[in-house]
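# Structural description and commentary
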Amino acid sequence: MRLRINPPLLASLLTLPLAACTVGPDYVRPQANVSEEFKEVKGWKQAQPRDTGLPGKWWEIFNDPKLNELEEQVAAANQSIIQAEAQYRQAQHLVQSVQSSLLPVATLTGTFNRFRAATGQNVAVGGVRNLFGQAVGVAWELDLWGSVRRQVETNTSNAQASAATLHALILSSQSALADSYFQLKTLDAQKALLDETVTAFAKTLEITKNRYAVGVMAKADVVQAETQLETVRAQSIDLGVQRAKLEHAIAVLIGKTPAELSLAPAPLTAQPPGIPVSLPSELLERRPDIAAAERKIAAANAQIGVAKAAYFPTLNLASTNGFQSPTADTLFTMARRYWSLGPAGLALTLFDGGAKNAQYKQAIDAYDASVAAYRQTVLTGFQEVEDNLAALRILDEETQVQDKAVAAAKQALALTNNQYQAGTVSYINVITAQTAALSNQQTAVQLLGQRLSASVLLVKALGGGWNETLVPTEDEADGDRKWTDYLILPLVD
């Protein structure tokens, strides 16, 4: 079979939808309220704007090898991230699916009928007869008003939003792991402090028992020393509950069961690093959740065009070229050939009870809602940065004061112990001094843990090592390029 195609005609038909108009508003990124500088960064030298940006592997600024090892596993094994990656691939394929509507649909059919014909006016000879058929059909709904092209814009923007959401989930999971890790290390430091205190209290109890044995101490002092010792032991044991939960949470974040991960207690040596803070205007380009919200606006804007195009008529073109014959051996002969070409249908809705108008207004409302959601996401981003800048600044000041309190409490305890052994003060003075020293040391450890957590949350609020260039372009969002090509770090095998 030969199907004759007129090249100029085909070229003109293929370019017809591109030459047609596209109704609906073209997208313009809405303005968001952005301040000139962060309020809480003023006068604080640890984090100044325009410093070197955060690295892709932002957790390396804490200089903790074990944390580095755990963080490398998050993007590759976390099941929530794998789910989001599949949703991004799904969004890519939705773009490809709607793009196919811009092109004609070609079909190839083959038929065979065996029937009995009755002798009559149109049939010369009655009886059983065969009819063979083969045809190539082409159907095409022209995108005259840009409905399909606007839908491509919608799906492309949704795919870009899905990619940004994926990165936001990766950053959230990585920061959650770092926060849980430092909380666990803080508990280890607290337990080490309590264990040292148990040793010291046990020694004090032994001294008190010896003094009681020779008649220079009352039985009440021995009981008080035992009570204090066992109380601290109980506190040390109680930390194990929260530590176990944190260890289990870390295991799940790296895609393992709790039984597969055990983290040995280790000293808390990390210190809050100096975190480079970008200008507020750059925050819009450095947070993946803000990028996702902005891309959803673009998708909603394109949907207005889709809804508006529904007001206009649709035009379908169809062409068929084929053969029919009562015998198979004569099927593909020019005498048995037939063809048809022409509009298959022109449709215009005259009355629908206001359905299309309602859909158009609904699209506008969805756009307005997405703009508000975007601006709220921006405001929330600024709040999170300011919150953690303030936390780091205030905790830093508190730590300096607390360090002085720890030193003073240790000195007071040493003096009181000397006075007690000399018999110039009662044992109640020793208990008071020991309690004050332990309390101040615990507070110092907790402050360090809070500062580390605030550092992690500030990194997250600043977008980690992410930036807007990691959002796929329009061509990439509708292609087969994998999401891992946009990662700020390679996946581990």
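The written sequence of each chain sets the order in which its residues are numbered from 1. The predicted origin of the model limits local features to residues at a pLDDT of at least 70 and limits the giving and counting of side-chain atom pairs to 80 or more, whereas totals for whole chains, interfaces and linings rest on all residues. Values reported for side chains reflect all heavy atoms of the structure, with hydrogen atoms and water molecules removed beforehand.

### A word on the overall build of the protein
- Helix numbering and strand numbering both begin at the N terminus, where a helix is a DSSP run of H or I of at least 4 residues and a strand a DSSP run of E of at least 2. Across its full length, the protein holds eleven helices and four strands.
- Residue exposure (1.4 Å probe, protein chains only): buried if accessible area is under 20% of the type maximum, exposed if over 50%, otherwise partly exposed. A burial count over the protein gives 41% of its 493 residues as buried.
- Contacts: residue pairs with any heavy atoms within 4.5 Å of one another. Put simply, 82% of the contacts in the protein that link residues at least 6 apart link residues at least 24 apart.
- Summed over its atoms, the accessible surface of the protein is roughly 26200 Å², and 55% of this surface lies on carbon and sulfur atoms. Methods summary: accessible areas were calculated by the Shrake-Rupley approach with a probe of 1.4 Å, and residue burial reflects only the protein chains presented.

### A short note on the packing of aromatic side chains
- Planes of paired rings set the category: under 30 degrees apart is stacked, over 60 is edge-to-face and the rest tilted, where pairs are Phe, Tyr or Trp rings (Trp by its six-membered ring) whose centres lie within 6.5 Å. By the definition in use, this model includes nine aromatic pairs.
- Aromatic side chains Phe-62 and Phe-182 sit 5.0 Å apart centroid to centroid with 50° between the ring planes, which places their arrangement in the tilted category. One end of the pair, Phe-62, is in the loop between α1 (7-19) and α2 (65-71); the other, Phe-182, is in helix α5 (residues 147-213), and 120 residues separate them in sequence. The residues Phe-62 and Phe-182 share a single accessibility class, namely buried.
- Here the aromatic rings of Phe-112 and Phe-132 are separated by 4.8 Å at their centres, their planes lie at 40°, and the arrangement is tilted. Of this pair, Phe-112 sits in strand β1 (residues 105-117) while Phe-132 sits in strand β2 (residues 127-141); the two residues are 20 residues apart in sequence, bridging distant segments of the chain.
- Each member of the aromatic cluster is reached from another via a ring pair, and the members are Phe-62, Tyr-181 and Phe-182.
- A ring has a charge above it when a Lys NZ or an Arg CZ is no more than 6 Å from the ring centre and no more than 35 degrees off the ring normal. Over the face of the ring belonging to Tyr-420 we find Arg-211, whose NZ or CZ atom lies 5.0 Å from the ring centre.

### Observations concerning the environment of Gly-255
- Considering the arrangement of structural elements, one finds Gly-255 in the loop between α6 (219-253) and α7 (280-286).
- Spatially, the C-alpha atom of Gly-255 lies 4.8 Å from that of Ala-77, the residues being 178 residues apart in sequence.
- In contact with Gly-255, other than residues within four places in its own chain, are Ala-77 and Asn-78.

### Some remarks on the packing of α5 against α6
- Note on method: axes are straight lines fitted to C-alpha atoms, helices fitted across the in-contact stretch only, with angles between N-to-C directions ranging 0 to 180 degrees. The contact between α5 and α6 brings their axes to 8 Å, and the two run at 165°. With respect to their mutual orientation, α5 and α6 come out roughly antiparallel. Pair α5 / α6 crosses with left-handed handedness.
- Residues belonging to the contact of α5 with α6 are distributed by class as follows: 19 nonpolar, ten polar and ten charged. Roughly parallel refers to an angle under 35 degrees, roughly antiparallel to one over 145, roughly perpendicular to one between 65 and 115, and oblique to any angle outside these ranges. A clockwise turn of the near helix away from the far one marks a right-handed crossing, whereas an anticlockwise turn of less than a right angle marks a left-handed crossing. Amino acid classes used here: Ala, Val, Leu, Ile, Met, Phe, Trp, Tyr, Cys and Pro are nonpolar; Asp, Glu, Lys and Arg are charged; the rest, including Gly, are polar.

### Some remarks on helix α8 (residues 288-309)
- A helix is expected to span 1.5 Å multiplied by its residue count minus one. For α8, which comprises 22 residues, the first-to-last C-alpha distance of 32 Å matches the rise-based estimate of 32 Å (1.5 Å per residue) to within 8%.
- Counted residue by residue, α8 has 18 buried out of 22 residues, so it is predominantly covered.

### Things to note about unusual backbone geometry
- Positive phi outside glycine occurs at Asn-63, with the angle close to 55°.
- Residue position: Asn-63 is located in the loop between α1 and α2.

### Looking at the pattern of salt bridges
- What counts as a salt bridge is simple: a side-chain nitrogen of Lys or Arg found within 4 Å of a carboxyl oxygen of Asp or Glu. For the structure on display, the rule yields 20 salt bridges.
- For the salt bridge of Glu-69 with Lys-66, the shortest nitrogen-to-oxygen distance reads 3.5 Å. In this pair, Glu-69 and Lys-66 are both assigned in helix α2, three residues apart and thus about one turn of the helix distant.
- Judged by relative accessible area, Glu-69 falls into the partly exposed class, the value being 42%.
- Its relative accessible area of 31% is what places Lys-66 among the partly exposed residues.
- The partner of Asp-289 in a salt bridge is Arg-287, and the shortest N-O contact between them spans 2.7 Å.
- Look at the salt bridges and you will find they share partners, linking Arg-29, Glu-294, Arg-295 and Glu-468 into a network.

### Brief notes about the confidence of the model for the protein
- Each residue carries a pLDDT score, the predictor's confidence in it, ranging from 0 to 100. Averaged over the protein, the pLDDT score is 85; the fraction of residues at 70 or greater is 88%.
- Predicted confidence in the protein is weakest over α1, with a mean pLDDT of 47, and strongest over α2, with 95.
- Taken as a whole, residues 1-14 scores under 50 in pLDDT and shows 13 contacts with residues more than four places along the chain or in a different chain.

### With respect to a nonpolar patch on the surface
- Residues enter patches when they are more than 30% accessible in relative terms and free of salt bridges; like-charged ones are connected within 9 Å and nonpolar ones (Val, Leu, Ile, Met, Phe, Trp, Tyr) within 5 Å. The grouping of Leu-348, Leu-350 and Phe-351 at the surface amounts to a nonpolar patch, some 440 Å² of accessible area in total.
- Considering the arrangement of structural elements, one finds Phe-351 in the loop between β4 (337-347) and α9 (355-421).
- The exposed category is assigned to Phe-351, whose relative accessible area is 74%.

### Observations concerning the packing of α8 against α9
- Orientation of α8 relative to α9, taken along the N-to-C sense of each, is 170°, at an axis distance of 8 Å. One element, α8, and the other, α9, form an angle in the roughly antiparallel class. Here Asp-289, Ile-290, Ala-293, Glu-294, Lys-296, Ile-297, Ala-300, Asn-301, Gln-303, Ile-304, Ala-307 and Lys-308 of α8 lie close against α9, whose contacting residues are Gln-359, Tyr-360, Ala-363, Ile-364, Ala-366, Tyr-367, Ser-370, Val-371, Tyr-374, Thr-377 and Val-378.
- Counted by class, the contact of α8 with α9 contains 14 nonpolar, five polar and four charged residues.

### A look at the side chain of Gln-190
- Within the secondary structure, Gln-190 is located in helix α5.
- Gln-190 gets classed as buried once you look at its relative accessible area, which sits at 9%.

### Points about the environment of Val-223
- Examined against the element boundaries, Val-223 turns out to sit in helix α6.
- As for Val-223 and Leu-205, which are separated by 18 residues in sequence, their C-alpha atoms are 9.0 Å apart.

### Thoughts on helix α4 (residues 79-99)
- Here α4 is 21 residues long and its end C-alpha atoms lie 31 Å apart, about the 30 Å a rise of 1.5 Å per residue gives.
- Of all the positions in α4, only Ile-81, Ala-84, Glu-85, Tyr-88, Ala-91, Gln-92, Val-95 and Val-98 are classed as buried. One face of α4 carries all of its buried residues, which in axial projection span an arc of 150°. Exposed positions of α4 whose direction lies more than 90 degrees from the buried face are Gln-79 and Gln-90.
- For α4, the N-terminal capping position is held by Asn-78, with its side-chain oxygen 3.0 Å away from the main-chain nitrogen of Ser-80. It is the directions from the helix axis to the C-beta atoms whose arc is reported. Here a polar contact means two N or O atoms within 3.5 Å. Within protein one must be a hydrogen donor candidate and the other an acceptor candidate, and residues neighboring in sequence count only if both atoms are side-chain atoms.

### A short note on the environment of Asn-130
- Secondary-structure assignment places Asn-130 in strand β2.
- Note on Asn-130: relative accessible area 24%, which makes it partly exposed.
- Separated by 17 residues in the primary sequence, Asn-130 and Asn-113 place their C-alpha atoms 5.7 Å from one another.
- Those residues within four positions of Asn-130 in sequence are excluded, and the remaining contacts are Phe-112, Asn-113, Arg-114, Ser-325 and Pro-326.
- Engagement of the side chain of Asn-130 in a polar contact is seen with the side chain of Arg-114, the distance being 2.9 Å.

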